[in-house]
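Commentary on secondary and tertiary structure
Spelled out from the first residue to the last, the chains are:
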Amino acid sequence: MKNGSTKTEVFSWIKSLLAVVVLVIVCRQFLFTPVTVNGGSMSPTFQDNDRVMVLKMSEIEHFDMIVFEAPTSSDKHIKRVIGMAGDTLKVMNDRLYINDALVEEPYLEENKASSPFALTEDFEVVVPEDCLFVMGDNRLSSGDSRLYGFVPKDNVFGEVKIRFYPLSGIGLPE
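Residues numbered from 1 in each chain as written. Predicted model: local features only at pLDDT ≥ 70, side-chain atom pairs only at ≥ 80, totals over all residues. Heavy atoms only, no water.

The helix and strand tally for the chain stands at three helices and eleven strands. The linear arrangement of helices and strands in the chain, starting from the amino end, is α-β-β-β-β-β-β-β-α-β-β-α-β-β. In summary, the chain has a C-alpha radius of gyration of 21 Å against a globular reference of 16 Å for 174 residues, an excess of more than 25%. Evaluated residue by residue, the chain yields a buried proportion of 37% over its 174 residues. Across the chain, the 17 positively charged side chains and the 25 negatively charged ones have centroids separated by 12 Å. (Helix = DSSP H or I, 4+ residues; strand = E, 2+ residues; numbered from the N terminus. Rg over C-alpha atoms; globule rule 2.2 N^0.38 Å. Buried < 20%, exposed > 50% of the residue type's maximum accessible area, 1.4 Å probe, protein only. Lys, Arg positive; Asp, Glu negative; His and termini not counted. Charge placed at Lys NZ, Arg CZ, Asp CG, Glu CD.)

This is the structure in structure tokens:
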């Protein structure tokens, strides 16, 4: 009788482990995925080698930080959404206007304080349908929509929801 009981116990553990593996695969494929930040284009919000969790089932809004496949390569980039379909974006004298309304960008204050130059050159664009306009927080060192154009919504993997590494920086991004 003991042998049958052991087999039942082992089978029970195997079923449980398989269920966990399937659950993890489904969650990673459809709900969320970890991503490593490469480079300093989002500094000071994110640093090189920070690890973040990206939620794949998220409604993207202005100023969300997203991960997407860059239009010029298969690399994953992390940037901030500045403009959405139909928006008219204008930067004049380092100030952002969305549809003629001045928008404060508090996430740029640290970089503005440490640079004698304007962070963003003047420009004006209209974001086409099914596209986003993105920029890095470190505007002087960011390859973004100013360089490679609009990001098709289909290229978006998801929205950055939490930083989980380094441990000292765990939390919600600002």
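So that's the structure; there's more coming.
A few words on the packing of aromatic side chains. The full count for this structure, using the stated rule, is three aromatic pairs. An aromatic cluster of three or more residues is present, and its members are Phe123, Phe133 and Phe150. When the ring centre of tyrosine 107 is taken as origin, the NZ or CZ atom of arginine 80, which lies over that ring, is 3.7 Å away. (Phe/Tyr/Trp six-rings, centres within 6.5 Å; stacked < 30°, edge-to-face > 60°. Lys NZ or Arg CZ within 6 Å of the ring centre and 35° of its normal.)

Once that is clear, we can look at the sheet that holds strand E6 (residues 95–98). Read from one edge to the other, the open sheet built from four strands follows the order E7-E6-E5-E8, with strand pairing classed as antiparallel. Bordering the open sheet on either side are strand E7 (101–103) and strand E8 (123–126), each of which pairs with just one other strand. Neighbour to neighbour, the strand axes of the sheet diverge by 25° on average, direction disregarded. Bridge analysis of strand E5 (residues 88–92) against E8 gives four bridges, and the strand direction is antiparallel. Bridge pairing in E8 places lysine 90 opposite glutamate 124. (Pairing = 2+ DSSP bridges. Axes fitted to C-alpha atoms, helices over the stretch in contact; angles between N-to-C directions.)

To continue, consider the environment of leucine 108. Structurally, leucine 108 is set in the loop between E7 and helix H2 (109–113). Distance in space between the C-alpha atoms of leucine 108 and threonine 45 is 9.2 Å, their sequence separation being 63 residues. Excluding anything up to four places from it in sequence, leucine 108 contacts Leu119, Asp137 and Arg139. (Contact = heavy atoms within 4.5 Å.)

By size, the foremost hydrophobic cluster in this structure holds 14 residues, and its most contacted members are Ile82, Leu89, Leu96, Phe123 and Phe133. Breaking this core down by element, the ones donating at least two residues are E5, E6 and strand E9 (131–135). Top contributing element to this core by residue count: E9, with three residues. Setting aside residues up to four positions removed in sequence, phenylalanine 133 forms contacts with Arg80, Val81, Ile82, Gly83, Leu89, Phe123, Val125, Val127, Ser145, Arg146 and Phe150. (Core = buried A, V, L, I, M, F, W, Y, C linked by side-chain atoms within 4.5 Å.)

Here the focus is the pattern of salt bridges. A complete count under the given rule lists five salt bridges for this structure. Two residues, aspartate 137 and arginine 80, come together in a salt bridge whose shortest N-O distance is 2.8 Å. Of this pair, aspartate 137 sits in the loop between E9 and helix H3 (145–148) while arginine 80 sits in strand E4 (residues 76–84); the two residues are 57 residues apart in sequence, bridging distant segments of the chain. Residue aspartate 137 is classed as buried on the basis of its relative accessible area, which comes to 0%. (Salt bridge = Lys/Arg side-chain N within 4 Å of Asp/Glu carboxyl O.)

Further remarks concern the confidence of the model for the chain. Detailed reading of the predicted model is not advised wherever pLDDT is low. Here the chain shows a mean pLDDT of 91. Residues at 70 or above account for 97%. Mean pLDDT in the chain bottoms out at helix H1 (residues 2–30), which sits at 80, and peaks at E9, which reaches 98. (pLDDT = per-residue confidence, 0-100.)

Taking burial as the measure, the five residues of strand E3 (residues 65–69) include four buried ones, the bulk of the element. Joining the antiparallel neighbours E3 and E4 is a turn of six residues. Inspection of the sheet shows E3 paired to strand E11 (residues 156–165) by three bridges, in the antiparallel sense. Bridging from a neighbouring strand, valine 67 pairs with glycine 158 of E11.

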